[in-house]
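Geometric and topological summary
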Amino acid sequence: MVTMKEIAARCGCSVATVSKALNHMRDIGPDTARRIRAMALEMGYAPNAAARTLKTNRSHVIGLLLFLRGESVWNHEFFGSIANGVQNAANAAGYDIAPINAADSALCGRFLEHCRSRGYDGIILMSAGLDNDDLRRLVNSEIPAVTIDYTFNHTAAVLSDNAQGMRDLTAYVLSRGHRRVAVIYGDDTTVTRNRLASFYATCRRFGVEVPDSWVHASLYRDPEDSARITRRLLEQPVLPTCIFYPDDQSCLGGMSAILERGLRIPQDISVVGYDGVRLSQLVRPRITTLKQDSERIGQCAGEMVVRAIEYPREFVPEHITLPGSVWPGETVADLTAENPISLASAQEPWQ
């Protein structure tokens, strides 16, 4: 078993300094503390959790609260990647994470009480709109909180640049000559509203009008529902040349409905997804999508909540926005020969 004395010898410092770093005491420089914790992790040091809790009055556990219907975060590639980034940041600082599925009806109305009873030192809210009094009580409580993809007053947040991401993805499709575009969007959240606004603004900039009959609400990560809506779109007398989906899983559902009709992708109808999950590049044709930097999002959120826990008097809540990038894939046909585009001001960040 690795001891503090052995860690001290490797780091060239006293056992007392190692103890302060591993117990997250505040009278030690943050760089020194990080170096000692990294060494302890490398050497396989395993502290006595019960003794540490008694000594520091902390659980060294960060709650990761999210809404996922009927699935674990670790079984979901996109959110699992974010959670992995959170876990890496937390573990490096000597914390564990505890996923909490807020979709569990037993927790409704008592998120704050649940987190207090578990003694979580901090909380990260992921995939959770805060249009809920119970969640508002949680982020307004004494527990340090960071939100992902949602801004809430004074709370620190890590955001994917959904407006720019949708702008780039839409511009890519329109620059390839598409003029008849449909969009299937996800649950009514800030993320969805930002993406839709950006979609419409980009279409207007390219001189493209989108009829209301080609805009449909669906659910995120629900391929069955996106397939159902796609079938409705395919029944219309005039078909779109490209359909936007709220995420890559939903895009797969739409692709199956298109192929059922005997149509080809992208020769007959083009499709685009969102998120850039690994599966999107394993199917054929490879899905054109917007790759979000999911692990970096989680890493930033984990680092922020640790700072809020350990240095509360110094911590300044901030909003960090991380860009994504267009993955061209193979599911958007080039129609520029039919519909040439000329936009001198158009930027092409996907190239």
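Here the structure is shown first, and the text comes after it.
What follows deals with helix H12 (residues 294–310). Spanning 17 residues, H12 covers 25 Å between terminal C-alpha atoms, matching the ideal 24 Å at 1.5 Å per step. The element H12 is largely enclosed, with a buried count of 12 among its 17 residues. Buried within H12 are the following residues: Ser294, Ile297, Gly298, Cys300, Ala301, Gly302, Met304, Val305, Val306, Ala308, Ile309 and Glu310.

Once that is clear, we can look at the pattern of salt bridges. Evaluated as defined, the whole model comprises 12 salt bridges. In this structure, Arg286 engages Glu330 in a salt bridge whose closest nitrogen and oxygen atoms are separated by 3.4 Å. With Arg286 in the loop between strand S9 (270–272) and strand S10 (289–291) and Glu330 in the segment after strand S12 (325–327), this pair connects stretches of sequence that are 44 residues apart. You can call Arg286 partly exposed: its relative accessible area is 26%. Judged by relative accessible area, Glu330 falls into the partly exposed class, the value being 35%.

Adjacent strands of a sheet pair through backbone hydrogen bonds, lying either parallel or antiparallel. An order of S2-S1-S3-S4-S5-S11 is seen for the 6 strands of this open sheet, with the pairing classed as parallel. Pairing within the sheet leaves two strands with one partner each, and these edge strands are strand S2 (96–101) and strand S11 (319–322). Neighbour to neighbour, the strand axes of the sheet diverge by 20° on average, direction disregarded. Sheet topology places strand S5 (residues 156–160) next to S11; 4 bridges connect them, and they run parallel. By the bridge assignment for S11, Ser160 is matched with Leu322.

Moving on to the pairing of S5. Of all 5 residues making up S5, 5 are buried, and the element is well covered by its neighbours. Residues Ala156, Val158 and Ser160 of S5 are buried on one face, and the alternating residues Ala157 and Leu159, pointing to the opposite face, are buried as well.

Before going further, it helps to spend a moment on the sheet that holds strand S6 (residues 181–185). The strand order across the open sheet formed by 4 strands is S7-S6-S8-S9, and the pairing between neighbours is parallel. Either end of the sheet is taken by a strand with one partner, and the two such strands are strand S7 (215–217) and S9. Across the sheet, the axes of successive neighbouring strands diverge by a mean angle of 15°, strand direction being ignored. Bridge count for strand S8 (residues 242–244) against S9 is 3 bridges, and the pairing is parallel. Within the sheet, the bridge partner assigned to Cys242 lies in S9 and is Ser270. Strands S6, S8 and S9 of the sheet are contacted by helix H8 (residues 162–175), whose axis makes an angle of about 175° with S8. Strand contacts of helix H10 (residues 223–234): S6, S7 and S8, with the helix running at about 155° to S6, the strand carrying the most contacts.

Our next topic: the packing of aromatic side chains. Following the criterion strictly, the structure yields 3 aromatic pairs and no others. When the centroid spacing of 5.7 Å and the interplanar angle of 65° are considered together, the rings of Phe199 and Tyr200 count as edge-to-face. Overall, Tyr200 belongs to the partly exposed group, its relative accessible area being 35%. With relative accessibility at 0%, the residue Phe199 sits in the buried group. The ring of Tyr274 has Arg195 sitting right over it, with the charged end atom 3.6 Å from the ring centre.

Of all hydrophobic cores here, the largest spans 30 residues; its most connected members are Ile62, Leu64, Ile124, Met126, Val146 and Val158. Mapped by element, the contributors of at least two residues to this core are strand S1 (61–66), helix H5 (77–92), strand S3 (122–126), strand S4 (145–148), S5 and H12. At 8 residues, H12 tops the list of elements feeding residues into this core. Residues contacting Leu64, with those up to four places away along its chain left out, are Ala83, Val86, Ile97, Ala98, Pro99, Ile100, Ile123, Ile124 and Met126.

This brings us to helix H9 (residues 190–205). Given a rise of 1.5 Å per residue, 16 residues ought to cover 22 Å, and the 23 Å separating the end C-alpha atoms of H9 matches this to within 8%. The complete set of buried residues in H9 reads Val191, Thr192, Arg195, Leu196, Ser198, Phe199, Thr202 and Cys203. All buried residues of H9 lie within an arc of 165° about the axis, which places them on one face of the element. Where the residues of H9 are buried, they touch H8, S6 and S8.

Between H10 and helix H11 (residues 248–260), whose axes approach to 7 Å, the crossing angle comes to 40°. As the angle between them shows, H10 and H11 are arranged oblique. The hand of the H10/H11 crossing is right-handed. Between H10 and H11, the residues in contact are Pro223, Ser226, Ala227, Thr230, Arg231 and Leu234 and Gln249, Ser250, Gly253, Gly254, Ser256, Ala257, Ile258 and Glu260, respectively.

Turning our eyes to something else, we now look at the packing of H5 against H12. It is at 6 Å that the axes of H5 and H12 come closest, and there the two elements cross at 35°. Every pair of crossing elements has a handedness; the one defined by H5 and H12 is right-handed. The residues of H12 that touch H5, namely those facing Phe78, Ser81, Ile82, Asn84, Gly85, Val86, Asn88 and Ala89, are Ser294, Glu295, Gly298, Gln299, Gly302 and Glu303. Taken together, the residues of the contact of H5 with H12 break down into 4 nonpolar, 8 polar and 2 charged.

Going through the model one piece at a time under the given rule, you end up with 0 disulfides. No disulfide involves Cys242; its sulfur sits 8.7 Å from that of Cys251, the nearest cysteine. Note on Cys242: relative accessible area 0%, which makes it buried. Classification of Cys251 as buried rests on a relative accessible area of 0%.

Criteria and thresholds
- Residues numbered from 1 in each chain as written.
- Predicted model: local features only at pLDDT ≥ 70, side-chain atom pairs only at ≥ 80, totals over all residues.
- Heavy atoms only, no water.
- Helix = DSSP H or I, 4+ residues; strand = E, 2+ residues; numbered from the N terminus.
- Expected span 1.5 Å × (residues − 1).
- Buried < 20%, exposed > 50% of the residue type's maximum accessible area, 1.4 Å probe, protein only.
- Salt bridge = Lys/Arg side-chain N within 4 Å of Asp/Glu carboxyl O.
- Pairing = 2+ DSSP bridges.
- Axes fitted to C-alpha atoms, helices over the stretch in contact; angles between N-to-C directions.
- Contact = heavy atoms within 4.5 Å.
- Phe/Tyr/Trp six-rings, centres within 6.5 Å; stacked < 30°, edge-to-face > 60°.
- Lys NZ or Arg CZ within 6 Å of the ring centre and 35° of its normal.
- Core = buried A, V, L, I, M, F, W, Y, C linked by side-chain atoms within 4.5 Å.
- Arc of directions from axis to C-beta.
- Parallel < 35°, antiparallel > 145°, perpendicular 65-115°, else oblique.
- Left-handed = near helix turned anticlockwise from the far one by under 90°.
- Nonpolar A, V, L, I, M, F, W, Y, C, P; charged D, E, K, R; others polar.
- Disulfide = S-S within 2.5 Å.

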